[in-house]
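One letter stands for each residue in the lines below.
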Amino acid sequence: MRRTFLLTLMAILLGTSLLSAQDDMQAFPPADEGMTRHMLRLPAEPDETLLKVELILGKAVLTDAANRYFFGGEIAAETIPGWGYTRYVLPRLGPMAGTLMAVEPSAPKVERFIALAGEPYLIRYNSRLPVVVYAPTGVEVRWRVWRADAQPQTMPQG
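Predicted model, so just to flag it, every value in this text is computed and none were measured. (Residues numbered from 1 in each chain as written. Predicted model: local features only at pLDDT ≥ 70, side-chain atom pairs only at ≥ 80, totals over all residues. Heavy atoms only, no water.)

(A) Spatial organisation of the confidence of the model for the protein chain. Chain-level statistics for the protein chain give a pLDDT mean of 90 and a share of 86% at 70 or above. Note on residues 17–21: pLDDT under 50 across the span, and 2 contacts to partners over four residues away in sequence or across chains. (pLDDT = per-residue confidence, 0-100. Contact = heavy atoms within 4.5 Å.)

(B) Summary view of the environment of Thr-79. Checked against the element boundaries, Thr-79 lands in strand β4 (residues 76–79). The class for Thr-79 is exposed, based on a relative accessible area of 55%. Every residue in contact with Thr-79, bar those within four places of it in the chain, is listed here: Gly-84 and Tyr-85. (Helix = DSSP H or I, 4+ residues; strand = E, 2+ residues; numbered from the N terminus. Buried < 20%, exposed > 50% of the residue type's maximum accessible area, 1.4 Å probe, protein only.)

(C) A look at the pattern of salt bridges. According to the stated counting rule, one finds 5 salt bridges in the structure shown. The residue Arg-41 makes a salt bridge to Asp-24 at a minimum N-O spacing of 2.9 Å. Here Asp-24 lies in the loop between α1 (2–22) and β1 (35–40) and Arg-41 lies in the loop between β1 and β2 (51–63), a separation of 17 residues in the sequence. The shortest N-O distance in the salt bridge between Arg-144 and Glu-54 comes to 2.6 Å. Placement of Arg-144 in strand β10 (residues 140–147) and of Glu-54 in strand β2 is noted, with a sequence separation of 90 residues between them. (Salt bridge = Lys/Arg side-chain N within 4 Å of Asp/Glu carboxyl O.)

(D) Quick peek at the sheet that holds β4. Spatial ordering of the open sheet is given by β1-β9-β5-β4, a layout of 4 strands whose pairing is mixed. Strand pairing shows two members of the sheet lacking a second neighbour, β1 and β4, which therefore form its edges. Across the sheet, the mean angle from the axis of one strand to that of its neighbour is 25°, orientation sign disregarded. Two strands pair when backbone bridges link them, and β1 and strand β9 (residues 131–136) are joined in this way by 6 bridges, in the antiparallel orientation. The residue of β9 that forms the bridge with Thr-36 is Ala-135. (Pairing = 2+ DSSP bridges. Axes fitted to C-alpha atoms, helices over the stretch in contact; angles between N-to-C directions.)

(E) Structural context of the layout of surface pockets. In this structure, the largest pocket spans a volume of roughly 470 Å³. If you go around the largest pocket, you meet 22 residues; those closest to its centre are Ala-115, Leu-116, Ala-117, Gly-118 and Glu-119. Secondary-structure elements contributing two or more residues to the lining of the largest pocket are β2, β3 (69–71), β7 (110–115) and β10. Considered class by class, the residues forming the lining of the largest pocket number 13 nonpolar, 2 polar and 7 charged. (1 Å grid on protein atoms, 1.4 Å probe; cavity = no way out; pocket = protein on both sides within 12 Å on 5 of 7 lines; lining within 4 Å. Points joined across faces, edges and corners; volume = space filled by probe spheres on them. Nonpolar A, V, L, I, M, F, W, Y, C, P; charged D, E, K, R; others polar.)

(F) Structural context of the nonpolar core. Leu-55, Leu-57, Tyr-88, Leu-90, Leu-116 and Val-131 are the most contacted members of the largest nonpolar core, which totals 20 residues. For this core, the elements supplying multiple residues, two or more each, are β2 and β9. The element contributing the most residues to this core is β2, with 5 residues. (Core = buried A, V, L, I, M, F, W, Y, C linked by side-chain atoms within 4.5 Å.)

(G) Expanded view of the environment of Glu-74. By secondary structure assignment, the location of Glu-74 is in the loop between β3 and β4. Apart from residues lying up to four places away in sequence, Glu-74 is in contact with Val-89, Leu-90 and Pro-91.

(H) Main features of the pairing of strand β5 (residues 86–89). For β4 and β5, the ladder comprises 4 bridges, and the chain directions are antiparallel. Among the inter-strand pairings, Thr-79 is bridged to a residue of β5, identified as Thr-86. Where β4 folds back on β5, the antiparallel hairpin that results is connected by 6 residues, among which Gly-82 adopts a positive phi of roughly 85°. Two elements, β5 and β9, share 2 bridges in a ladder whose sense is parallel. The residue bridging Tyr-88 from the neighbouring strand is Val-133, located in β9.

Right under this line is the structure:
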């Protein structure tokens, strides 16, 4: 009886893990109207504790080449009920702002990627689950990996 129970439990756990590995995107609902769902699968790394992923959201915009620009807005991390997975949501892209350096009126406009203002948005590197970002339609999601040294350095006293 006990052996049958253990075999049944093992079969259920194995089936659940295979199902979630095959289609873990079922946990992430489709994007609402006016929003787009972006998905990234990270490659497995030997020591993922040394890595972080930076999410960079913004748009390509025609601007002058002299000023620095940024968009308002804030990425929110939300836990999906019943799954425990995290999704990242930018509810709206705020207005674009920038520095006010004088520019020659005849200077040509250039297309530049303008990102959200603020500190880099870093998340844990996890190759076992997709990184899913919901953003307003027209917003581009870029990413890069940050790597830490394997050995921490000692800070001198004084």
